[in-house]
Amino acid sequence: MEYLLIFITAIFVNNVVLSQFLGICPFLGVSKKVETAMGMGAAVAFVLTLATIVTYMIQKFVLDAFNLGYLQTIAFILVIAALVQMVEIILKKVSPALYQALGVFLPLITTNCCILGVTILVIQKQFDLLTGVVYAFSTALGFALALIVFAGIREQLGLVNIPKGMKGMPIALVTAGLLAMAFMGFSGVDKGLAVLFGL
């Protein structure tokens, strides 16, 4: 039940984009088409889950073992950059269309503060490896959900008559704000579930 609570909380209550404001750059940049948003969400889920496993091992068996905790950020960034390169190579071979659609935003995963932030949060919250992976994967699903919903709304906005001064990024930012307010409606769900299941 603890994992279910982490899963629901990470996706809806503490959504990484709409509640913690991490990963805003790809959220605004890759959300013009649902197909591209789905691809980006899948890429982030893969990289984030893998990065959490690798960075957890590095933290426990290298940084903590040799008292090198001050190198955490640099080490984690290097691991994430290497994983993104691997994803880029795989996407180029497996799905060239998706690789072209993601364009410049795929390398941006390297500096996506969502991925770095979550890998650091797993260590700060002192999760064990399994709990950390569940948290990371759930957070990635929350990121993907927010991205896909936002992309769907933006596609619909392309079909309606919007005042000239609000076209483009202004209406996107207003929409993102409204979406964040909608997700605030889930606040307290985690506490209710914890009471219900006696956690």
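The residue numbers shown here count from 1 along each chain, following its written sequence. With pLDDT at 70 or above as the cut-off, local features in this predicted model cover only qualifying residues; side-chain atom pairs require 80 or more to be listed or tallied, and sums for whole chains, interfaces and linings still use all residues. For the side-chain quantities, the full set of heavy atoms in the structure was used; hydrogens and water were omitted.

(A) Focus on the overall build of the protein. In terms of regular secondary structure, the protein is built from ten helices and zero strands. In sequence order, the secondary structure elements of the protein are arranged as α-α-α-α-α-α-α-α-α-α. When we talk radius of gyration, it's over C-alpha atoms, and the globule rule is simply 2.2 Å times the number of residues to the 0.38. The globule rule puts the C-alpha radius of gyration for 199 residues at 16 Å, and the 18 Å found for the protein is close to it. In terms of its C-alpha atoms, the protein occupies a principal-axis envelope of roughly 60 × 45 × 30 Å. Note on classification: 1.4 Å probe, protein chains only; a residue is buried when its accessible area is under 20% of the maximum for its type, exposed when over 50%, partly exposed between these limits. Across the 199 residues in the protein, those meeting the buried criterion constitute 44%. The Shrake-Rupley method, run with a 1.4 Å probe, gives the accessible areas here. Residue values count only the displayed protein chains as cover. Of the roughly 10400 Å² that the protein leaves accessible, carbon and sulfur atoms contribute 71%. Each charge sign in the protein was given a centre, from 10 positive and 7 negative side chains, and these centres are 14 Å apart. Each helix corresponds to a stretch of at least 4 residues labelled H or I by DSSP, and each strand to a stretch of at least 2 residues labelled E; elements are numbered beginning at the N terminus. Charged residues are defined here as Lys and Arg on the positive side and Asp and Glu on the negative side; His and the ends of the chain fall outside this count. Think of each charge as sitting on NZ of Lys, CZ of Arg, CG of Asp or CD of Glu.

(B) How the structure looks around helix α10 (residues 189–197). Buried residues of α10: Asp190, Leu193 and Ala194, and no others. When α10 is viewed along its axis, its buried side chains cluster within an angular range of 100° and face the same direction. Facing away from the buried surface of α10 by more than 90 degrees, the exposed residues are Lys191, Val195 and Leu196. Next to the buried residues of α10 lie α1 (2–13). Directly after α10, the chain includes Gly198, whose backbone phi takes a positive value near 70°. Within this analysis, the arc is defined by the directions that extend from the helix axis to the C-beta atoms. Contacts were defined at the residue level, with two residues in contact if any of their heavy atoms lie within 4.5 Å.

(C) Main features of the nonpolar core. Among buried residues, the Ala, Val, Leu, Ile, Met, Phe, Trp, Tyr and Cys ones that are joined through side-chain atoms within 4.5 Å form a nonpolar core. In this structure, Leu18, Phe27, Leu106, Ile109 and Tyr135 are the most contacted members of the largest nonpolar core, which totals 53 residues. Of all the elements in the fold, those that place two or more residues in this core are α1, α2 (24–29), α3 (34–63), α4 (72–94), α5 (96–102), α7 (113–124), α8 (129–157) and α9 (169–183). Filtering out sequence-adjacent residues up to four positions away, Ile109 remains in contact with Met40, Ala43, Val44, Val47, Ile80, Val84 and Ile115.

(D) Molecular detail of α1. Among the residues of α1, those classed as buried are Leu5, Ile6, Thr9, Ala10, Ile11 and Val13. On its buried face, α1 sits against α8, α9 and α10.

(E) Representation of the confidence of the model for the protein within the structure. One number per residue, pLDDT, summarises how confident the predictor is, and it ranges from 0 to 100. On average, residues of the protein score 88 in pLDDT, and 97% of them reach the 70 mark or higher. Within the protein, α8 carries the highest mean pLDDT (94), whereas helix α6 (residues 105–108) carries the lowest (70).

(F) How the structure looks around the environment of Leu5. Summarising the element assignment, Leu5 is placed in helix α1. Accessibility expressed as a relative area gives 17% for Leu5, which makes it buried. C-alpha separation for the pair Leu5 and Val94, spaced 89 residues apart in sequence, amounts to 35 Å.

(G) Geometry of unusual backbone geometry. At Phe21, a position not held by glycine, the phi torsion is positive, near 55°. You can call Phe21 exposed: its relative accessible area is 55%.

(H) Molecular detail of a nonpolar patch on the surface. Exposure above 30% relative accessible area and the absence of a salt bridge qualify a residue for a patch, where like charges join within 9 Å and nonpolar side chains (Val, Leu, Ile, Met, Phe, Trp, Tyr) within 5 Å. Salt bridges are defined as contacts in which a side-chain nitrogen from Lys or Arg sits within 4 Å of a carboxyl oxygen from Asp or Glu. On the surface, Met1, Leu4, Phe7, Phe137, Leu196 and Phe197 cluster together into a nonpolar patch covering about 580 Å² of accessible area. Secondary-structure elements contributing two or more residues to the nonpolar patch are α1 and α10. Counting through the fold element by element, Met1 comes out in the segment before α1.

(I) Here's a closer look at the packing of aromatic side chains. Stacked, tilted and edge-to-face are the three classes assigned to paired rings of Phe, Tyr and Trp, where Trp is represented by its six-membered ring and a pair needs centres within 6.5 Å; plane angles under 30 degrees give stacked, over 60 edge-to-face, the rest tilted. Considering all chains together, one arrives at four aromatic pairs under this definition. Plain terms: the ring middles of Phe12 and Phe186 are 4.9 Å apart, the flat faces sit at 40° to each other, and that makes the pair tilted. Of this pair, Phe12 sits in helix α1 while Phe186 sits in the loop between α9 and α10; the two residues are 174 residues apart in sequence, bridging distant segments of the chain. When the centroid spacing of 5.7 Å and the interplanar angle of 65° are considered together, the rings of Phe183 and Phe186 count as edge-to-face. The class for Phe183 is buried, based on a relative accessible area of 7%.

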